[in-house]
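One letter stands for each residue in the lines below.
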Amino acid sequence: MTVTLASRMQHMKASEIRELLKLTERPEVISFAGGLPAPEFFPVEEMKSISLEVLDRAGRKALQYSTTEGHAPLRQKIAERMNRTQGTSVGADNILVITGSQQGADLTGKLFLDEGDVVLCESPTYLGAINALRAYGPRFVEVPTDDDGMLIPDLEKALAAHPNAKLLYVIPDFQNPSGRCWSLERRQGLMELARKHQLPVVEDSPYRDLCFEASSLPSLMSLDRDNLVIHLGTFSKTFCPGLRLGWVTAPKGLYEKYVLLKQGVDLHSSTMSQLLLDRYLERHDIEQNIARITAAYRARRDVMHAAMTREFPAGVRFNRPQGGLFLWVELPEGIDSRDVLAAAIQRDVAFVPGGCFFPNGGHHHTMRVNYSNMPEDRIEEGVRRLGSVIRSFLR
Ligand SMILES: Cc1ncc(COP(=O)(O)O)c(C=O)c1O
């Protein structure tokens, strides 16, 4: 059978790394590869009773189609929480419930991008967004970053070189993959340039609430006076990713367009999931849940950082993220982390080679290491094994 696929399929390539990572699903593997929350904090007992309550109260409605915008009381709660924790002033009518914030990346690509359009992003950036946007055939222009976020003079240069850039995609809080958090100055600098160029900014924000040390910095949306920021939020990291619930907060004018596009994709996000989450938020204090998760991740970060300090040879650099799920490692140039992964898998340890987070390639000496999904003793053991694998490459 010969079939002719859409030209966009040329941009979509299966990844060798994903094939390699399939080997890490064996239970004996100490995996620092995924971005999975710790399942021991999922509120299973609470959700059992809430499921019964939802079916008792809403009956068949819980299993029926519902509106594209999402369950109204849930949208209201999301808007109120954003305003309370971020200092935004959004209304429920700015909130579109989506099927995980991943759907927000896809809808954003659909809304803004024609083939060849320029997307500015951090270097490195989130692989899932690269993949979602790539389907629309853009050119990614990577802007260099350091521990405080994007380098603003480099962003300015990129904007001068690409004055028609369509979109700026960023993850200011505890970024995936680097764990970095943007300073206030960088946030302000970005917003100034966005204003000057009237450039839409996508603020992807799944890790914002998983903040270990100081209190969080203002979100880009809270600094926006020109309706340029589209904010993507999610309950995946603060609650349960399996419910697949996130949201887009968009200014009027763009909001309706997101709704229109979502209608064509899945009509609406799961009615049952939305009712379960809404009831959970009524019955329980999600802030307590977030505090518990954050404390556990902080402890795991500490264990991983201490183990790396002990076990990794000189010349390997790694950061100490102030929140989120990931720690970023730079091996000496010339060591390819894909080879390190292949060797590590032989020792039943896994991580994600960092090159895949750079849309234009390169940077193969980097690694993303997740600390949220393994207990502390396995983190110690995994880092010990990784250290010995890395040493074998330095010899
Ligand atoms: C930066 C970023 N954006 C979006 C997502 C997607 O999350 P979800 O679709 O579960 O909300 C992730 C998941 O890891 C992420 O790291």
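Up top is the structure.
Quantities reported herein were computed from a predicted structural model and do not represent experimental measurements.

Draft legend 1. Quick look at the packing of helix 3 (residues 72-86) against helix 10 (residues 271-283). Following both chains from N to C, one finds helix 3 and helix 10 inclined at 50°, their axes separated by 9 Å at the closest point. With respect to helix 10, the element helix 3 is oriented oblique. Helix-helix and strand crossings are classified by hand; for helix 3 and helix 10 the assignment is left-handed. In this structure, helix 3 contributes Pro73, Leu74 and Lys77 to the contact, and helix 10 contributes Gln274, Leu277, Asp278, Leu281 and Glu282. By residue class, the composition of the contact of helix 3 with helix 10 is 4 nonpolar, 1 polar and 3 charged.

Draft legend 2. Geometry of the pairing of strand 3 (residues 118-123). Burial runs high along strand 3: 6 of the 6 residues are buried. Where strand 3 meets strand 4 (residues 139-146), 6 bridges bridge the pair, whose relative direction is parallel. Following the sheet pairing, cysteine 121 is matched in strand 4 by glutamate 142. Handedness of the strand 3-helix 5 (residues 127-134)-strand 4 crossover: right-handed. Examined bridge by bridge, strand 3 and strand 6 (residues 167-170) share 3 bridges and lie parallel to one another. Residue pairing across strands places valine 119 opposite leucine 167, the latter belonging to strand 6.

Draft legend 3. Main features of the packing of helix 4 (residues 101-112) against helix 9 (residues 255-266). Closest axis-to-axis distance for the helix 4/helix 9 pair is 10 Å, and the angle between their directions is 115°. The pairing of helix 4 with helix 9 is recorded here as roughly perpendicular in orientation. Pair helix 4 / helix 9 crosses with right-handed handedness. Contacts between helix 4 and helix 9 involve Gln103, Gly104, Leu107, Thr108, Lys110, Leu111 and Phe112 from the first element and Lys257, Tyr258, Leu261, Lys262, Val265 and Asp266 from the second. Here the residues of the contact of helix 4 with helix 9 are counted per class, giving 6 nonpolar, 3 polar and 4 charged.

Draft legend 4. How the structure looks around helix 4. Over its 12 residues, helix 4 extends 17 Å from the first C-alpha to the last, a length consistent with the 16 Å expected when each residue adds 1.5 Å. If you check which residues of helix 4 are buried, you get Ser101, Gln103, Gly104, Ala105, Leu107, Thr108, Gly109 and Phe112.

Draft legend 5. View of the site of the ligand. For the ligand, the set of nearby residues contains 13 residues, the closest of which are Ser101, Asp204, Tyr207, Thr234 and Ser236. In the model, an oxygen atom of the ligand is placed 2.5 Å from a nitrogen or oxygen of the tyrosine 207 side chain. Interatomic distance of 3.0 Å between a side-chain N/O atom of lysine 237 and an oxygen atom of the ligand. Contact with the protein chains hides 92% of the accessible area of the ligand, taken as 400 Å² for the molecule alone. Residue classes in the shell around the ligand are distributed as 4 nonpolar, 6 polar and 3 charged.

Draft legend 6. Structural detail: helix 7 (residues 184-197). Spanning 14 residues, helix 7 covers 20 Å between terminal C-alpha atoms, matching the ideal 20 Å at 1.5 Å per step. All of the buried residues in helix 7 are Arg186, Arg187, Gly189, Leu190, Met191, Leu193 and Ala194. Immediately downstream of helix 7, the backbone of glutamine 198 shows phi near 50°, a positive value.

Draft legend 7. Structural context of the pattern of salt bridges. Across all of its chains, the model carries 32 salt bridges by this definition. With a shortest N-O distance of 3.3 Å, aspartate 147 and arginine 180 are connected by a salt bridge. In this pair, aspartate 147 sits in the loop between strand 4 and strand 5 (149-150) while arginine 180 sits in the loop between strand 6 and helix 7, placing the two residues 33 residues apart along the sequence. Take arginine 180: its relative accessible area is 13%, and that puts it in the buried class. Beyond isolated ion pairs, a larger network of salt bridges with shared partners links Glu53, Lys77, Asp278, Arg279, Glu282 and Arg283.

Draft legend 8. Seen up close, the state of the cysteines. Applying the stated criterion to the full structure yields 0 disulfides. With no disulfide of its own, cysteine 121 lies closest to cysteine 356 among cysteine sulfurs, the gap being 13 Å. The thiol sulfur of cysteine 181 is not disulfide-bonded, and the nearest other cysteine sulfur, from cysteine 211, lies at 6.9 Å.

Parameters and conventions
- Residues numbered from 1 in each chain as written.
- Predicted model: local features only at pLDDT ≥ 70, side-chain atom pairs only at ≥ 80, totals over all residues.
- Heavy atoms only, no water.
- Axes fitted to C-alpha atoms, helices over the stretch in contact; angles between N-to-C directions.
- Helix = DSSP H or I, 4+ residues; strand = E, 2+ residues; numbered from the N terminus.
- Parallel < 35°, antiparallel > 145°, perpendicular 65-115°, else oblique.
- Left-handed = near helix turned anticlockwise from the far one by under 90°.
- Contact = heavy atoms within 4.5 Å.
- Nonpolar A, V, L, I, M, F, W, Y, C, P; charged D, E, K, R; others polar.
- Buried < 20%, exposed > 50% of the residue type's maximum accessible area, 1.4 Å probe, protein only.
- Pairing = 2+ DSSP bridges.
- Right-handed = clockwise from strand over helix to strand, strands pointing away.
- Expected span 1.5 Å × (residues − 1).
- Near = heavy atom within 4 Å.
- Polar contact = N/O pair within 3.5 Å; in protein donor to acceptor, adjacent residues only side chain to side chain.
- Areas by Shrake-Rupley, 256 points an atom, 1.4 Å probe, with all protein chains shown as cover.
- Salt bridge = Lys/Arg side-chain N within 4 Å of Asp/Glu carboxyl O.
- Disulfide = S-S within 2.5 Å.

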